[in-house]
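Chain and residue survey
Listed here are the chains, written in short residue letters.
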Amino acid sequence: MASDGGRKQFWKRSGAKVPGSLIKPGSKPPTTPVKLKKVSTFQEFESNTSDAWDLGDDDDELLAIAAENLNTEVVMETAHKVIQNHSKLQEQHKFQEEHLQEEKQVESAELTSVACGDNRLVKSVSEGHASSSSEELRKLSWSGIPKRVRPIAWKLLSGYLPANVDRRESTLQRKRKEYFAFVEQYYDSRNDESHQDTYRQIHIDIPRMSPEVLRLQPKVTEIFERILFIWAIRHPASGYVQGINDLVTPFFVVFVCEYIEEEEVENFDVSSLPEEVLQNIEADSYWCMSKLLDGIQDNYTFAQPGIQKKVKMLEELVSRIDEQVHRHLDQHEVKYLQFAFRWMNNLLMREVPLRCTIRLWDTYQSEPEGFSHFHLYVCAAFLVRWRKEILEEKDFQELLIFLQNLPTVHWGNEEMSVLLAEAYRLKFAFADAPNHYKK
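Residues numbered from 1 in each chain as written. Predicted model: local features only at pLDDT ≥ 70, side-chain atom pairs only at ≥ 80, totals over all residues. Heavy atoms only, no water.

This part is about the packing of aromatic side chains. Enumeration according to the criterion identifies 24 aromatic pairs in this entry. With centroids separated by 5.2 Å and ring planes inclined at 75 degrees, the aromatic side chains of F224 and F252 adopt a geometry described as edge-to-face. Highlighted residues: F224 in helix α10 (residues 218-234) and F252 in helix α11 (residues 244-256), separated in sequence by 28 residues. An aromatic cluster is present here, built from W142, W154, F251, F255, W361, Y364, F371, F374 and Y424 joined pairwise through their rings. Over the ring of F255 we find K155; its NZ or CZ atom is 5.0 Å from the centre of that ring. (Phe/Tyr/Trp six-rings, centres within 6.5 Å; stacked < 30°, edge-to-face > 60°. Helix = DSSP H or I, 4+ residues; strand = E, 2+ residues; numbered from the N terminus. Lys NZ or Arg CZ within 6 Å of the ring centre and 35° of its normal.)

Shown next, in the form of structure tokens:
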């Protein structure tokens with residue numbers, strides 16, 4: 001009892017805190033170290049320090065103070081990290097379990113995509129419901145067509161092949177026969193005085209085509225010369241104009257893919273294909289190119305009024321979309337015709353790699369007036385895509401060099417999808433309100 005009494009007396013007459021005691025909320029901690037009373041016996045030492053180790057009511061106070069002072073954001077952040085780490089561990093475990101199946105799933109997905117494309121893009125059209133299925137075909141093709149079904153999809157989208165599958169084979173045979181009848185009738189006249197200029201210009205332009213490896217093959221040159229010469233003879237209103245030679249290439253490459261397994265068609269030796277196959281590719285390329293040019297022929301008539309009009313519309317549209325870019329070009333006296341003429345004349349084929357052109361044409365053939373009307377919005381989106389680089393150039397010559405040599409060599413499907421999405425947004429905003437982009 002005496003010991004207990006001594007302990008109470010000790011705490012009453014000493015206002016200093018000892019190690020282990022709690023600091024009440026609102027009280028100020030001591031500013032100077034506390035000197036403990038000198039002890040001479042173990043009992044006194046024990047009585048002075050026992051509260052630092054004994055469990056008692058202080059536990060509740062400690063928890064209360066901890067709860068009061070703990071930062072809620074820290075708690076939530078820590079909990080979130082724990083959940084993330086746990087999720088990552090689960091994902092890693094799941095990935096290890098499914099890794100062997102993943103390759104099969106990817107392959108299966110590709111096959112499913114192709115099968116889906118084949119069934120929905122082709123088979124549904126062939127079941128006789130031409131109007132509804134053609135619309136479905138266009139919707140499915142807008143976001144890109146699987147490589148294996150692209151040849152037949154392009155033939156359907158261009159109107160070269162009928163929707164009815166029962167008529168397709170007979171149509172192909174008839175159109176191919178008709179094309180080679182034109183060759184037999186007209187091609188020998190290429191050396192006539194009246195046609196020499198046309199043939200000479202075609203002969204000069206073909207080596208300028210892209211890709212380089214493909215154009216250097218003699219068999220390809222021979223095929224392209226025939227296609228372009230026959231088209232020029234049969235379309236005297238425009239005849240052959242520089243730029244038309246580029247428009248054969250995507251059709252030719254896509255239709256070659258129908259008969260080969262190689263990924264890179266540009267490096268494939270076309271002459272290794274059977275003669276009958278080459279004739280089919282040539283005739284199909286001619287007819288599909290003809291269908292395309294039917295919709296944009298005013299681009300290639302005298303003075304090319306279609307291109308002049310589209311470049312003017314592009315200028316007006318860009319002035320509304322991005323006035324800063326438009327004003328910057330105007331201040332440095334850069335005329336839209338100086339860079340956009342080629343965009344319209346070659347349908348951006350000289351601005352992006354061939355793989356991107358093919359992807360672009362998937363959408364163009366899915367859009368009403370894709371090669372004429374929708375192309376305007378693609379060009380606008382394409383120009384604004386480079387606004388940062390354009391605004392950084394402060395010289396006429398540097399601006400023009402940049403706009404004529406845009407850095408797209410590494411572009412692929414992702415970049416084209418973003419470009420097309422932006423073009424669609426612009427079309428949605430302006431197409432039904434043409435006065436919107438007129439000053």
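For the protein, the mean per-residue pLDDT works out to 80, and 67% of the residues sit at or above 70. Ignoring residues within four places in sequence, the model shows residues 32-37, a span with pLDDT below 50, making 5 contacts including any to other chains. (pLDDT = per-residue confidence, 0-100. Contact = heavy atoms within 4.5 Å.)

What follows is about the pattern of salt bridges. Counting across every chain of the model gives 19 salt bridges. Between K175 and E178 there is a salt bridge whose closest N-O contact spans 3.7 Å. With K175 and E178 both in helix α7 (residues 165-186) and 3 residues apart, the pair spans about one turn of that helix. A residue is classified by how much of its surface remains accessible, and E178, at 28% relative accessible area, is partly exposed. (Salt bridge = Lys/Arg side-chain N within 4 Å of Asp/Glu carboxyl O. Buried < 20%, exposed > 50% of the residue type's maximum accessible area, 1.4 Å probe, protein only.)

The next thing to look at is helix α13 (residues 305-321). Between its first and last C-alpha, α13 extends 24 Å over 17 residues, near the 24 Å set by a 1.5 Å rise per residue. Residues of α13 that are buried: G306, I307, K310, V311, M313, L314, E316, L317, V318 and S319. In the core, the buried residues of α13 are packed alongside α14 (323-331), α15 (337-345), α17 (370-384) and α20 (413-430). (Expected span 1.5 Å × (residues − 1).)

This part takes up unusual backbone geometry. Look at E333: it is not a glycine, yet its phi comes out positive at around 60 degrees. Look at E333 and you get exposed, because its relative accessible area is 59%. Residues other than glycine seldom take positive phi values, yet L347 does so here, at roughly 55 degrees. Assignment of secondary structure puts L347 in the loop between α15 and α16 (354-364). A relative accessible area of 1% places L347 in the buried class.

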